[in-house]
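# An overview of the molecular structure
The chain contents come next:
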Amino acid sequence: MIINSPSPIVVVEQNGQKVLEGGLVFDENHYVPAVRSILKGESVNHEHPPLSKLLIALGMTIFGDNPLGWRFFPSLLSSAAVAFIPLIVWRLTQNRSHTFFTTFFLTTDVMFFNIGTIAMLDGPAFFFLFFGTYLYLEKKYIPAAAVLGVSLL
């Protein structure tokens, strides 16, 4: 079994510009080049929703075309998403042990951690999905609908 790990980051010159190559894992191999194209004003990768790609682009604009820039906003929103889990479970069950163990299992889930810390669409989608669910359970239906709509982006 081959484990997907990032290749070394190297700087190459393309069309007179220095570009980072390597350092990408899993679907970052698709999204980071797509975001680079978006930053050039090209419309690409239409089969996937735009919001996460735009957040990755924002990170690349602020921090540069490097692993921090690629992963900052997906990681931030994925981490923030975890805060809604105890609120949702408590609202549904009013049970401390259910709330604790659900939160514990999510925060220690390797797949959630891995997907949430790389430049993929899932981290921001989880954040808006959990936030919208929490708003819905609080009977704030219009804001919940808006946030759940954003989660689809």
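Residues numbered from 1 in each chain as written. Predicted model: local features only at pLDDT ≥ 70, side-chain atom pairs only at ≥ 80, totals over all residues. Heavy atoms only, no water.

An unreviewed UniProt entry annotates the chain as Phospholipid carrier-dependent glycosyltransferase of Caldiarchaeum subterraneum. Comment text from UniProt for the chain, heading Pathway (unreviewed entry), reads "Protein modification; protein glycosylation." Under the UniProt heading Sequence similarities (unreviewed entry), the entry covering the chain gives this text: "Belongs to the glycosyltransferase 39 family." (UniProt positions renumbered as here; feature names shortened; annotations may be inferred.)

A word on the overall build of the chain. Secondary structure summary: the chain contains eight helices and two strands in total. Across the chain, helices and strands are ordered from the amino to the carboxyl terminus as β-β-α-α-α-α-α-α-α-α. Within the span of the chain, comprising 153 residues, buried residues form 37% of the whole. Summed over its atoms, the accessible surface of the chain is roughly 9,300 Å², and 67% of this surface lies on carbon and sulfur atoms. (Helix = DSSP H or I, 4+ residues; strand = E, 2+ residues; numbered from the N terminus. Buried < 20%, exposed > 50% of the residue type's maximum accessible area, 1.4 Å probe, protein only. Areas by Shrake-Rupley, 256 points an atom, 1.4 Å probe, with all protein chains shown as cover.)

Attention now goes to the packing of helix H7 (residues 122-137) against helix H8 (residues 141-151). It is at 8 Å that the axes of H7 and H8 come closest, and there the two elements cross at 165°. Here H7 lies roughly antiparallel to H8, going by the angle between them. Relative to H8, H7 is oriented so that their crossing is left-handed. Every residue of H8 that contacts H7 at Ala125, Phe128, Leu129, Phe131, Gly132, Thr133, Leu135 and Tyr136 is listed here: Tyr141, Pro143, Ala144, Val147, Leu148, Val150 and Ser151. Considered class by class, the residues forming the contact of H7 with H8 number 12 nonpolar, three polar and no charged. (Axes fitted to C-alpha atoms, helices over the stretch in contact; angles between N-to-C directions. Parallel < 35°, antiparallel > 145°, perpendicular 65-115°, else oblique. Left-handed = near helix turned anticlockwise from the far one by under 90°. Contact = heavy atoms within 4.5 Å. Nonpolar A, V, L, I, M, F, W, Y, C, P; charged D, E, K, R; others polar.)

Here the structure, examined in full by the defined rule, presents two salt bridges. The salt bridge partner of Glu138 is Arg91, with a shortest N-O separation of 3.0 Å. Remark: Arg91 occurs in helix H4 (residues 84-93) and Glu138 occurs in the loop between H7 and H8; sequence separation between them is 47 residues. On the basis of relative accessibility, which here comes to 29%, the residue Glu138 falls in the partly exposed class. On the accessibility criterion, Arg91 (32% relative accessible area) is partly exposed. (Salt bridge = Lys/Arg side-chain N within 4 Å of Asp/Glu carboxyl O.)

Under the 1.5 Å per step criterion, the end-to-end length of helix H3 (residues 67-81) is 21 Å for 15 residues, consistent within 8% with the ideal 21 Å. Of all the bends in H3, the greatest reaches close to 30° and is centred on Phe73; the proline Pro74 follows between one and four positions later. Taken together, the buried positions of H3 are Gly69, Trp70, Arg71, Phe73, Pro74, Ser75, Leu77, Ser78 and Ala81. Residues of H3 that are buried sit in contact with helix H1 (28-39), helix H2 (51-63), H4, helix H6 (110-116) and H7. (Expected span 1.5 Å × (residues − 1). Bend = angle between axes of the 7 residues up to and from the residue.)

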